[in-house]
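As a plain string of letters, each chain reads:
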Amino acid sequence: MKKQFYYFQLVLIFTIFWIVLFERATPFVLLTAPLISVFSIKISEKFLLKDSYYDLYYFNIFWLIKYSFFLLLEIYKSGLSIIPHIISGHSNPDIVEIYTDLDSNLQLALLANSITLTPGTITMDIEGQRLKVLWMDPKTKNITMAGILIKGKLEKLLKEVL
Amino acid sequence: MRELISNIIIFIGISFIALGIIGIYRFTNFYSRALVASKVDTVGYITIVIGVMIRHGFSYFTMKVFFILLITLIINPLITHSIVRSAFISGYKLRKE
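Residues numbered from 1 in each chain as written. Chains lettered and ligands numbered in written order. Predicted model: local features only at pLDDT ≥ 70, side-chain atom pairs only at ≥ 80, totals over all residues.

**What to know about the overall build of chain A**
Per the secondary structure count, chain A includes eight helices and three strands. Along chain A, helices and strands appear, N-terminal first, in the series α-α-α-α-α-β-α-β-β-α-α. The globule rule puts the C-alpha radius of gyration for 162 residues at 15 Å, and the 20 Å found for chain A is more than 25% above it. Along the longest, intermediate and shortest principal axes, the C-alpha atoms of chain A span 60 × 35 × 25 Å. Counting across all 162 residues of chain A, residues that qualify as buried make up 23%. Long-range contacts, defined as pairs at least 24 residues apart, comprise 65% of the intrachain contacts of chain A with a sequence gap of at least 6. (Helix = DSSP H or I, 4+ residues; strand = E, 2+ residues; numbered from the N terminus. Rg over C-alpha atoms; globule rule 2.2 N^0.38 Å. Buried ≥ 20, exposed ≤ 12 C-beta atoms within 10 Å, placed from the backbone. Contact = placed C-beta atoms within 7 Å.)

**Here we look at the confidence of the model for chain B**
Residue and element names in this part refer to chain B. Residue-level pLDDT values for chain B average 90, and 100% of them are 70 or greater. By mean pLDDT, the top-scoring element of chain B is helix α1 (residues 2-26) (92), and the lowest-scoring one is helix α2 (residues 30-56) (89). Interface confidence for the predicted complex, expressed as ipTM, amounts to 0.87; the pTM equals 0.88. (pLDDT = per-residue confidence, 0-100.)

**Some remarks on α2 of chain B**
Residues and elements named next belong to chain B. The terminal C-alpha atoms of α2, which comprises 27 residues, lie 38 Å apart, in line with the 39 Å expected from a rise of 1.5 Å per residue. The largest bend in α2 comes to about 30 degrees, at Tyr 45. Count one or two residues on from α2 and you reach Gly 57, which has phi positive near 75 degrees. (Expected span 1.5 Å × (residues − 1). Bend = angle between axes of the 7 residues up to and from the residue.)

**Topic: the domain arrangement of chain A**
Parsing chain A into structural domains produces domain 1 (2-56) and domain 2 (61-159). On a C-alpha basis, the centres of domain 1 of chain A and domain 2 of chain A stand 32 Å from each other. (Domains from an automatic or database assignment.)

**Overview of the nonpolar core**
In this structure, Ile 98, Leu 111, Val 133 and Leu 134 of chain A are the most contacted members of the largest nonpolar core, which totals 30 residues. Contributions of two or more residues to this core are made by β1 (94-99), α6 (105-117), β3 (130-135), α7 (143-151) and α8 (154-159) of chain A together with α1, α2 and α3 (60-89) of chain B. Per-element tally for this core: the top contributor is α2 of chain B, with five residues. (Core = buried A, V, L, I, M, F, W, Y, C linked by C-beta atoms within 7 Å.)

**Topic: the sheet that holds strand β2 (residues 121-127) of chain A**
Residues and elements named next belong to chain A. Taken in spatial order, the three strands line up as β1-β3-β2 in an open sheet, and their pairing is antiparallel. Strands at the two margins of the open sheet, each flanked by one partner only, are β1 and β2. Between one strand axis and the next, the sheet turns by 30 degrees as a mean value, whatever way the strands run. As paired elements, β1 and β3 share six bridges and run antiparallel to each other. Counterpart to Glu 97 in the pairing with β3 is Lys 132. Sitting on the sheet, α7 touches β1, β2 and β3, and the angle it makes with β1 is about 95 degrees. (Pairing = 2+ DSSP bridges. Axes fitted to C-alpha atoms, helices over the stretch in contact; angles between N-to-C directions.)

**Here's the deal with the interface of chain B and chain A**
In this complex, chain B contributes 32 residues to the contact, which on the side of chain A involves 26 residues. For the side of chain B that touches chain A, the secondary structure elements donating two or more residues are α1, α2 and α3 of chain B. Ranked by the residues each element gives to the side of chain B that touches chain A, the list is headed by α3 of chain B, at twelve residues. Its residues assigned to classes, the side of chain B that touches chain A comprises 18 nonpolar, eight polar and six charged. (Nonpolar A, V, L, I, M, F, W, Y, C, P; charged D, E, K, R; others polar.)

**Considering the pairing of β3 of chain A**
Residues in a regular strand point their side chains to alternate faces of the sheet. Residues and elements named next belong to chain A. The sheet contact formed by β2 and β3 spans six bridges and is antiparallel. By the bridge assignment for β3, Thr 123 is matched with Val 133. Counting the residues in the hairpin turn of β2 and β3 gives two residues, including Gly 128, whose phi is positive at 65 degrees.

**Looking at unusual backbone geometry**
All names here are of chain A. Phi is positive for Glu 23, which is not a glycine, with a value near 65 degrees. Structurally, Glu 23 can be placed in the loop between α1 (2-22) and α2 (27-49). Here the phi dihedral of Lys 50 falls at roughly 60 degrees; this positive angle occurs in a residue that is not glycine. Tracing the backbone through its elements, the reader meets Lys 50 in the loop between α2 and α3 (53-56). Its 8 C-beta neighbours within 10 Å are what place Lys 50 among the exposed residues.

Below, the structure is given as structure tokens:
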């Protein structure tokens, strides 16, 4: 059931994309959209991934919307917090290591990219479950404290995905 | 009314970008510049695109702009990461300012 819902989500997203590209919702477009979606999912699973989307990139669309709003809020928060540094001209960039509990590749990639997307922090490297993060103004170099300050609630939300 | 709101949002976006550019010229160290530059292409960019979407109302154009926004949000951190990582590997020094 979960699997069917997941593929239904994928087909729905691809269908909307197809309709938007055509810029009209005639019967022809509405009929070809799901067919092309299913065809492209099958082809990419068979030749590119050599595995199923369900096993590799599982997500829930409601979770995705929730996560995007949360990420947007984080981006604006850290975007505002970086303004004093620009005005005063002080910066003390340093590399700190943080530890994460997440283990699947998708979750790690999402976490690393979310950290890079928020201004003031850039992920440099991942080794296992340790992330090297370049930080604008490190308040602490302690591995757990830095983890709490950088990851915030992102990690908690990412744990919900699976 | 909608035009006024969208103009204000676009103005906020442009001021974010202006701040980012001031930051790029203010700092001299590579890493500080890279960190400040991400302000231009995330906060400023997202704000401007949201302003454009509100200004145009709900249409196919808005949806296309939204898809462009999504694609950029996926690709943007990859580029930042690869630039900074390659700089670190080639031996750029971290410096306090």
